[in-house]
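# Analysis of the macromolecular model
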Amino acid sequence: TLGFAVVSTLPGLLGARDAPAARATQAYDLTGMSLHEDEVLMGPAAFPSQDLDLLRERWNPRLVESVVVPLGEGPVRIVEPAAVDELGSAWSAAVRERPGAYLAVRWDLFQRILGISHPPTYVLHTGVDGPNRFGFATANPDANDAFRDYVGWFNADDTFVVGSDLFRPWIWLGLGLVSAGVLLHRRVRARPGALEVGLAVVGAVAYEATFALLGMSESFRYSYPA
């Protein structure tokens, strides 16, 4: 309790403030829109170099980390106070003035998240990062290898970076919509549990749909709940 109180109050006493989580998504959108429009759409506080070629060099549409990491040092800044304020206003202006570019960037990413245009990525972490400064190692490597072999059946290769078709979320979302339609049909939903399960499925599909506007990378982990 004391530790929680300290970490909750100390930043405020020191004058720190939270950087809105939306800034990462806005950095993704503005980077993609800048490249789509062939024009820098971020100000100098958020993008100090103002060099479009630098964005092209660093940009990976799979993940926003390609342009914001390391935080405070990447080409696009999302934590400095001036950058935080500037990103918000620049994003609002860009979406309002260039809705076509915004929707193009969002649709491209959402197709990636759903596994429509690209296979799913990073379906599982590859294991203990090693060597690492903490000295972590796998305690039972034989059991770990057996589990990795099993999970490997569902990946396109042994890197665990590209998943098989089994992990394409659009397949499961489609099945979810069909099953929800059946479970919520007036003749079926009176059965015990049908209504609750049907609504849970609808919730999972609705949750996934939010990434059409909120996603900032194509990682398969976004689809775990669904």
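Read on for an overview of the structure. From a predicted model like this one, the values you see are computed outputs, not experimental measurements. (Residues numbered from 1 in each chain as written. Predicted model: local features only at pLDDT ≥ 70, side-chain atom pairs only at ≥ 80, totals over all residues. Heavy atoms only, no water.)

### Description of the overall build of the protein chain
The helix and strand tally for the protein chain stands at 10 helices and 0 strands. Written out in order from the N terminus, the α and β elements of the protein chain read α-α-α-α-α-α-α-α-α-α. The principal-axis extents of the C-alpha atoms in the protein chain amount to approximately 60 × 50 × 45 Å. Counting across all 226 residues of the protein chain, residues that qualify as buried make up 34%. When the accessible surface of the protein chain is summed, it comes to about 13400 Å², and 63% of that surface belongs to carbon and sulfur atoms. Averaging the coordinates of the 18 positive side-chain charges in the protein chain and doing the same for the 25 negative ones gives two points 10 Å apart. (Helix = DSSP H or I, 4+ residues; strand = E, 2+ residues; numbered from the N terminus. Buried < 20%, exposed > 50% of the residue type's maximum accessible area, 1.4 Å probe, protein only. Areas by Shrake-Rupley, 256 points an atom, 1.4 Å probe, with all protein chains shown as cover. Lys, Arg positive; Asp, Glu negative; His and termini not counted. Charge placed at Lys NZ, Arg CZ, Asp CG, Glu CD.)

### Thoughts on the packing of helix α2 (residues 22–37) against helix α5 (residues 81–97)
Orientation of α2 relative to α5, taken along the N-to-C sense of each, is 50°, at an axis distance of 10 Å. Put simply, α2 runs oblique to α5. You can see that α2 and α5 cross each other, and the crossing is left-handed. In this structure, α2 contributes Arg23, Gln26, Ala27, Asp29, Leu30 and Met33 to the contact, and α5 contributes Val84, Leu87, Gly88, Ala90, Trp91, Ala94 and Val95. Split by residue class, the contact of α2 with α5 holds 9 nonpolar, 2 polar and 2 charged. (Axes fitted to C-alpha atoms, helices over the stretch in contact; angles between N-to-C directions. Parallel < 35°, antiparallel > 145°, perpendicular 65-115°, else oblique. Left-handed = near helix turned anticlockwise from the far one by under 90°. Contact = heavy atoms within 4.5 Å. Nonpolar A, V, L, I, M, F, W, Y, C, P; charged D, E, K, R; others polar.)

### So, unusual backbone geometry
Following valine 69, the chain continues into proline 70 via a peptide bond in cis, with omega recorded as -5°. In this fold, proline 70 is placed in the loop between α4 (65–68) and α5. Phi at aspartate 38 takes a positive value of approximately 60°, unusual for a residue other than glycine. Structurally, the position occupied by aspartate 38 is in the loop between α2 and α3 (52–58). Even without glycine at this site, glutamine 50 takes up a positive phi of about 55°. Counting through the fold element by element, glutamine 50 comes out in the loop between α2 and α3.

### What to know about α2
For α2, which comprises 16 residues, the first-to-last C-alpha distance of 22 Å matches the rise-based estimate of 22 Å (1.5 Å per residue) to within 8%. Extensive coverage of α2 is indicated by the burial of 12 of its 16 residues. For α2, every residue scored as buried is listed here: Arg23, Ala24, Thr25, Gln26, Ala27, Tyr28, Asp29, Leu30, Thr31, Gly32, Met33 and Ser34. Residues of α2 that are buried make contact with α3, α4, α5, α6 (99–114) and α10 (211–214). Just past α2, the residue aspartate 38 takes up positive phi, approximately 60°. (Expected span 1.5 Å × (residues − 1).)

### Looking at the nonpolar core
Formed by 34 residues in total, the largest nonpolar core has its most connected members in Leu30, Met33, Met42, Leu55, Val68, Val76 and Ile78. Looking at this core, the elements with two or more residues in it are α2, α3, α4, α5, α6 and α10. For this core, the element with the most residues is α6, which contributes 7 residues. (Core = buried A, V, L, I, M, F, W, Y, C linked by side-chain atoms within 4.5 Å.)

### Examining the pattern of salt bridges
Pairing is possible between side chains that carry opposite charge, provided their charged atoms lie close to one another. Counted according to the given criterion, the structure contains 9 salt bridges. Where aspartate 108 meets arginine 112, a salt bridge forms, and the shortest distance between an N and an O atom there is 3.3 Å. Pair noted here: aspartate 108 and arginine 112 are both in helix α6, with a separation of 4 residues, about one helical turn. For arginine 112, a relative accessible area of 9% gives the class buried. Ionic contacts of the salt-bridge type, sharing partners, join the residues Arg62, Asp108, Arg112 and Glu218 into one network. (Salt bridge = Lys/Arg side-chain N within 4 Å of Asp/Glu carboxyl O.)

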